[in-house]
Amino acid sequence: MMGNLLEHMGVERDRLHFSWISSAEATKFVDVVKEISDKVRALDTDKKFAKDYTK
Amino acid sequence: MDTCIEKIRTICADLLAKGKVQKVIGFAEGSIPMASRPIAVTSKEDVAKLVFNATCGLNLANYVSDVLPKEGKIAVTAKGCDSRNLVTHMVENQVSRDQLYIIGVPCTGMVDKRKIAALFEDEITDFIEDGDTLTIVSPQKKEKVSKKDVLRHNCRVCTHRNPVVFDVMAAEPVEEQSLDQPFADVDHIAAMDPAARWAHFQELTKNCIRCYACRNACPLCYCPTCFVDESSPQWVGKGQDKTDINTFHFLRAFHCAGRCTDCGACVEACPMGINVRDFTRKLNKDALELFGWEAGLDMEKRPPLDVYSPDDPNDFIK
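Source: prediction; values computed, not measured.

All names here are of chain B. Segmenting chain B into domains produces domain 1 (1-109 + 157-175) and domain 2 (180-306). Computed from C-alpha coordinates alone, the two centres of domain 1 and domain 2 are separated by 25 Å. Facing the 22 residues of domain 1 at the interface are 24 residues of domain 2. Between domain 1 and domain 2, a total of about 1,900 Å² is buried, with carbon and sulfur atoms accounting for 56% of that surface. Taken together, the connections running from domain 1 to domain 2 amount to 1 salt bridge. Notably, a salt bridge pairs R259 with E92, separated by 2.7 Å at the nearest N-O pair. Counting every contact that joins domain 1 to domain 2 gives 9 residue pairs in polar contact (both at pLDDT 80 or more). A class-by-class count of the residues in the side of domain 1 that touches domain 2 yields 9 nonpolar, 10 polar and 3 charged.

Written out as structure tokens, the structure is:
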């Protein structure tokens, strides 16, 4: 529901990921992080929730 | 609704006189027309102060915990939505059923005060309600409008006008509405492209002054310290930076996920006329579609985000 609300507000769905990884699943952790990084990199740079401290 | 106020007053006077309850929470006239305010009445002499009309748009469930005595009961006059929030309060262990005497008031909707004010260029000096006809007076003119033309949006899409829980009813139940498209407003936003959706919410909240009236009017917001007031850690900035405004509205709404009854108190309270329901409505739609859930209808069921069920949708977990 959180992802849906973010998407509804216009934030790309791929910026939010949920995963269930056991402490013994190191390889799954690496795979998931890689996948997330790739998906977020594929999106444009986004400053929607980034505060502009230069003002 | 004029007839039911007599019944409400009689019931309240009787409850207070017999000592069955220590206080009654209801609505009283405000200092200006259409500004009904919550009141806690403790003596039967003050019962005459109680009113009930189409301007009682706040949610009285919000005030229950504030005035709850250590021992004994309080009575609450409850519209459909107030009663659903009382159920939510009970489900969330904020109050127990035996501390409450619920005076159910069937509701045909509350008026959108901004819509009425927009009909006038000058200040409204009187508001008279007679069934579906509202007579609104200002120094310049007198306007008669039909109540259903100036209903608040949440009342127009309300499907629970009658209280879901009560000890006594102040009037006969009213007919419930059935809607072809209950979430047309959400669908309208969802149909936009992502950039337009973001722009819509930016435009929506641009006038937010961070007064937290929406939070304070909301019966769901009872945390002793709200996340916006925390300073260690400070989750969100205090000012009107748009990132902080976005964070506040997004999180305030999400805290209501699966709990919101769409009572409209947040919008009613907003001094800037922001329809903050645009956020919570999406959550209500999802709660209904994903979990078949409408908040505050059943005292026996736990809210969907509060409980695990094997058939919960979980395709978002990778």
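Moving on from the model shown.
This next bit is on unusual backbone geometry. Residues and elements named next belong to chain B. The omega torsion across S232 and P233 is 0°, close enough to zero to call that bond cis. Relative to the assigned elements, P233 resides in the loop between helix 8 (213-217) and helix 9 (242-254). At N93, a residue that is not glycine, the phi angle is positive and equals roughly 60°. Looking at the element boundaries, N93 is found in the loop between helix 3 (80-91) and strand 5 (100-104).

Residue and element names in this part refer to chain B. Across all of its chains, the model carries 3 cavities of 30 Å³ or more by this definition. As a volume, the largest cavity reaches approximately 100 Å³. Lining the largest cavity are 15 residues, with C218, C260, C263, G264 and C266 sitting closest to its centre. Where the lining of the largest cavity is concerned, the elements lending two or more residues are helix 10 (265-269) and helix 11 (277-291).

It is worth spelling out the interface of chain A and chain B at this point. If you look at the interface, chain A gives 23 residues, while chain B gives 30 residues. For the pair chain A and chain B, the summed buried area comes to about 2,400 Å², and 69% of that belongs to carbon and sulfur atoms. Together, M1, H8 and M9 of chain A form the three largest contributors to the area buried by chain A at its contact with chain B, with a combined 34%. Summed over the shared surface of chain A and chain B, the result is 1 salt bridge. D244 of chain B is the partner of K51 of chain A in a salt bridge, and the nearest nitrogen-oxygen pair spans 2.7 Å. Taken together, the links from chain A to chain B amount to 6 residue pairs in polar contact (both at pLDDT 80 or more). At the level of elements, helix 1 (2-8) and helix 2 (26-42) of chain A are the ones that each hand at least two residues to the side of chain A that touches chain B.

All right, on to the pairing of strand 5 of chain B then. All names here are of chain B. Burial within strand 5 is extensive, with 5 of its 5 residues counted as buried. Side chains of strand 5 alternate between two faces, with L100, I102 and G104 and Y101 and I103 buried alike. Pairing geometry for strand 4 (residues 74-78) and strand 5, over 5 bridges, is parallel. When the bridges of strand 5 are listed, A78 appears paired with G104. Crossover connection from strand 4 via helix 3 to parallel strand 5: handedness right-handed.

Next up on the list: the layout of surface pockets. Reported here for the largest pocket is a volume of approximately 640 Å³. Elements supplying a minimum of two residues to the lining of the largest pocket: helix 4 (113-117), helix 5 (153-156) and helix 10 of chain B. When residues of the lining of the largest pocket are assigned to their parent elements, the largest contribution, 4 residues, is made by helix 4 of chain B. A class-by-class count of the residues in the lining of the largest pocket yields 14 nonpolar, 7 polar and 9 charged. Counting residues domain by domain, the lining of the largest pocket receives three or more from each of domain 1 (1-109 + 157-175) and domain 2 (180-306) of chain B. The computed volume of the second largest pocket comes to approximately 540 Å³. Around the second largest pocket sit 21 residues that line it, and M1 of chain A together with F291, L305, P313 and F316 of chain B are the ones nearest its centre. Those elements that provide at least two residues to the lining of the second largest pocket are helix 1 of chain A together with helix 11 of chain B. If one sorts the elements of the lining of the second largest pocket by residue count, helix 1 of chain A sits on top with 3 residues. When the residues that make up the lining of the second largest pocket are grouped by side-chain class, the tally is 14 nonpolar, 4 polar and 3 charged.

On to the pattern of salt bridges. Where charged atoms from two side chains of opposite charge come close, those side chains can pair. Residue and element names in this part refer to chain B. If you walk through the whole model with that rule in mind, you get 26 salt bridges over all chains. Across the salt bridge formed by E268 and K113, the nearest N and O atoms sit 2.4 Å from each other. Of the two residues, E268 is situated in helix 10 and K113 in helix 4; the sequence distance between them amounts to 155 residues. Looking at K113, the relative accessible area reads 21%, which means it is partly exposed. Beyond isolated ion pairs, a larger network of salt bridges with shared partners links D185, D262, R277 and R281.

About the thresholds
Residues numbered from 1 in each chain as written. Chains lettered and ligands numbered in written order. Predicted model: local features only at pLDDT ≥ 70, side-chain atom pairs only at ≥ 80, totals over all residues. Heavy atoms only, no water. Domains from an automatic or database assignment. Contact = heavy atoms within 4.5 Å. Buried area = accessible area lost by both parts, 1.4 Å probe. Salt bridge = Lys/Arg side-chain N within 4 Å of Asp/Glu carboxyl O. Polar contact = N/O pair within 3.5 Å; in protein donor to acceptor, adjacent residues only side chain to side chain. Nonpolar A, V, L, I, M, F, W, Y, C, P; charged D, E, K, R; others polar. Helix = DSSP H or I, 4+ residues; strand = E, 2+ residues; numbered from the N terminus. 1 Å grid on protein atoms, 1.4 Å probe; cavity = no way out; pocket = protein on both sides within 12 Å on 5 of 7 lines; lining within 4 Å. Points joined across faces, edges and corners; volume = space filled by probe spheres on them. Buried < 20%, exposed > 50% of the residue type's maximum accessible area, 1.4 Å probe, protein only. Pairing = 2+ DSSP bridges. Right-handed = clockwise from strand over helix to strand, strands pointing away.

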